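# Breakdown of the fold
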Amino acid sequence: MRTASLAICLLLSACGNGTDAPVQAQRISLEDARAKVAEPLSSPDTKGATWKVTANGQAIDFGRAGAEPWLTLACDVSEAPATITLIRHAPTRPGLKALFPVLGNGMISRFEVDATLHEGEWRWEGTLPATDPMLEVFTGPRELQATLPGAGSLMIEGSRIPGEFVEWCRAGGRVLRAEEAEASEKAEAPQTTPST
């Protein structure tokens, strides 16, 4: 038994002769080793913010006048069926995905959004058919709460604009086109003056 113990001790001492040991150890700070995690954004103060139709008439923005929007609903009527893209204007990084819950009008909808690069801005986007029942959350007149993890909650006052926009998009923009066509026909119709 003693002979076996001596043999093991000799083998262990031979392994630790130091020929393969590093010449100098390296010290690394734990702070430097940790990945830098972005601080969560606080919920913006949405007092005074409203929905407004964009210049091209194909989207509505929620935000304050003269400032960048916090949320956009954009309609693409060239698709069949038409699609609506939800855009949460909050910083993100490539490859990230999230669930974007919107509460209001008696329901909760959870939209899948991805980090998307658009004109140099990394933002959150999710596209779905305009007929998707989850969009019903926007069709009522009550207030909404839209929460994105790490980007806070948007408190959105009740408005009929999102509902009208969703219905317009679902109709493929036909309501607007009909109004434009009617206005055009009136403009082109020959003007007759009543005889005296």
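Everything here concerns the structure above.
Residue indices follow the written sequence of each chain, beginning from 1 at its first position. Local features in a predicted model are, by the rule used here, given only for residues with pLDDT of at least 70; side-chain atom pairs are given and counted only at 80 or more, and totals for whole chains, interfaces and linings are based on all residues. Side-chain numbers come from the whole structure's heavy atoms, not from hydrogens or water.

## Focus on the packing of aromatic side chains
Cut-off, in case you're wondering: Between rings of Phe, Tyr and Trp, where Trp is taken as its six-membered ring, a pair exists when centres lie within 6.5 Å; planes separated by under 30 degrees are stacked, by over 60 edge-to-face, and by other angles tilted. The helix and strand labels rest on DSSP assignments: H or I over at least four residues marks a helix, E over at least two residues marks a strand, and numbering proceeds from the N terminus. Think of it in three bands: residues with accessible area under 20% of the maximum for their type are buried, residues over 50% are exposed, and the middle band is partly exposed, with areas taken using a 1.4 Å probe on protein chains only.
The full count for this structure, using the stated rule, is four aromatic pairs. Arranged with centres 5.4 Å apart and planes meeting at 50°, the rings of tryptophan 51 and phenylalanine 62 form a pair that is tilted. Here the residue tryptophan 51 occupies a position in strand β1 (residues 50-53), and phenylalanine 62 occupies one in strand β2 (residues 59-63), the gap between them amounting to 11 residues. Among the residues examined, phenylalanine 62 registers a relative accessible area of 1% and is labelled buried.

## Concerning the environment of threonine 46
Going by this rule: Any two residues whose heavy atoms approach within 4.5 Å at even a single point are treated as in contact.
Note on placement: threonine 46 falls in the loop between α2 (30-33) and β1. For threonine 46, a relative accessible area of 11% gives the class buried. Those residues within four positions of threonine 46 in sequence are excluded, and the remaining contacts are Phe62, Arg64, Trp70, Leu154 and Met155.

## Overview of the environment of aspartate 61
Going by this rule: Two N or O atoms count as a polar contact when they lie within 3.5 Å, although within protein this holds only if one can serve as hydrogen donor and the other as acceptor, and sequence-adjacent residues are included solely when both atoms are side-chain atoms.
Position of aspartate 61 relative to the elements: it lies in strand β2. Measuring from C-alpha to C-alpha, the distance between aspartate 61 and isoleucine 87 comes to 9.3 Å, with 26 residues separating the pair along the chain. Not counting chain neighbours up to four residues away, the residues in contact with aspartate 61 comprise Thr50, Trp51, Lys52, Thr54, Pro69, Leu71 and Thr72. Side chain to side chain, aspartate 61 and threonine 72 meet in a polar contact 2.6 Å long.

## Examining the sheet that holds strand β5 (residues 97-104)
For clarity, the cut-off: For two strands to count as paired, DSSP must find a minimum of two bridges between them. Only the contacting stretch of a helix is used when fitting its axis, a line to C-alpha atoms as for every element, and angles between N-to-C directions run 0 to 180 degrees.
What the nine strands build is an open sheet, ordered β1-β2-β3-β4-β7-β6-β5-β8-β9; its pairing is antiparallel. Only two strands of the sheet have a single neighbouring strand rather than two, namely β1 and β9 (152-156). The average angle at which neighbouring strand axes cross in this sheet is 25°, direction not considered. The pairing of strand β6 (residues 107-118) with strand β7 (residues 121-129) spans five bridges and is classified as antiparallel. Directly across from histidine 118, in β7, lies its bridge partner glutamate 121. Set on the sheet, helix α3 (residues 161-170) makes contact with β1, β2, β3 (71-76) and β4 (83-88); between it and β3 the angle comes to about 20°.

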